[in-house]
Amino acid sequence: MAKKTVITKVLDVNNQDGVIEFPQNRTLYVDQFTDEAPSDEDEMKGFQARNVAEVFEKYTPKKEVELEDEDGEINYEDFIFTQLKDFSEDALIQQSETMSMAKDKIEAYNSIVEQLKKNKKLRDILKDPSARQGLVDVLKAMRDEIEGN
C-alpha cells in the first residue's frame, strides 16, 4: 500500500480543515526566499493572489546559496525565481557559474568516454604505453599552443 505524505497547518486542535494530501511524485521545498519578513500590514490584509505569477511578482523570491567547486573553494551565488520553472535543474544550472562550469566538464568527460567506446584505434593507442605517451605529448603541445594564443 502506498504511503501518503500529509501536510498540516494546525489552526486549532479540534480543527481538521488544514490537512492537505501531497502527491508522492512531487517535491516540496520549504525555505525562506526573501530577506525581509512580511510586514504586519501584509499579514493583516492577507495577500490574495489570483495566480502563481502574482506571488512571484509580489515577493520576488531569491536565495543566496553556498556552493563548493571541485577545488574546494566556496562560492556564494544568488538564485532568482520569477516562475516555477526556475526551480528546474536546467534553470538552476543556467543561473550558476559554478554549476555551469561543472556541467561543461562532465559533458566533456562523457564525450571522451563515448569516443573511447566507439573508437577502436584510440583504445589501442591507450593500451600501448609508448603510443599513449606520444598522444599525451601531442595533446600537451596543443594545449600549450592554445594557451599561448
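Structure first, text after, so check above.
Residues numbered from 1 in each chain as written. Predicted model: local features only at pLDDT ≥ 70, side-chain atom pairs only at ≥ 80, totals over all residues. Heavy atoms only, no water.

Q: Tell me what's going on with the overall build of the protein, and back it up with residues and numbers.
A: Counting its secondary structure elements, the protein contains 6 helices and 4 strands. Start at the N end of the protein and walk to the C end: the helices and strands fall as β-β-α-α-β-β-α-α-α-α. In the protein, which comprises 149 residues, the proportion classed as buried is 9%. Across the protein, contacts joining residues at least 24 apart in sequence account for 22% of those joining residues at least 6 apart. Surface summary for the protein: the accessible area is close to 13,200 Å², and the carbon and sulfur share equals 52%. (Helix = DSSP H or I, 4+ residues; strand = E, 2+ residues; numbered from the N terminus. Buried < 20%, exposed > 50% of the residue type's maximum accessible area, 1.4 Å probe, protein only. Contact = heavy atoms within 4.5 Å. Areas by Shrake-Rupley, 256 points an atom, 1.4 Å probe, with all protein chains shown as cover.)

Q: Give me the lowdown on the packing of helix α4 (residues 97-118) against helix α5 (residues 120-127), citing residues and values where you can.
A: Interaxial distance between α4 and α5 falls to 5 Å at its minimum, and their mutual angle equals 95 degrees. Of the possible angle classes, the one that applies to α4 and α5 is roughly perpendicular. Across from L116, K117 and K118 in α4, the residues of α5 making contact are K120, L122, R123 and L126. Split into classes, the residues belonging to the contact of α4 with α5 amount to 3 nonpolar, no polar and 4 charged. (Axes fitted to C-alpha atoms, helices over the stretch in contact; angles between N-to-C directions. Parallel < 35°, antiparallel > 145°, perpendicular 65-115°, else oblique. Nonpolar A, V, L, I, M, F, W, Y, C, P; charged D, E, K, R; others polar.)

Q: Please give an account of unusual backbone geometry that cites residues and values.
A: Despite not being glycine, T60 shows a phi value in the positive range, around 35 degrees. Within the element layout of this structure, T60 appears in the loop between α2 (52-59) and β3 (62-68). Accessibility expressed as a relative area gives 53% for T60, which makes it exposed.

Q: Break down a nonpolar patch on the surface for me, citing the residues and quoting the values.
A: Side chains of V52, L84 and F87 sit close together on the surface and give an oily, nonpolar patch of about 270 Å² of accessible area. By relative accessible area, L84 is classed as exposed at 56%. (Patch = residues over 30% accessible without salt bridge, like charges linked within 9 Å, V, L, I, M, F, W, Y side chains within 5 Å. Salt bridge = Lys/Arg side-chain N within 4 Å of Asp/Glu carboxyl O.)

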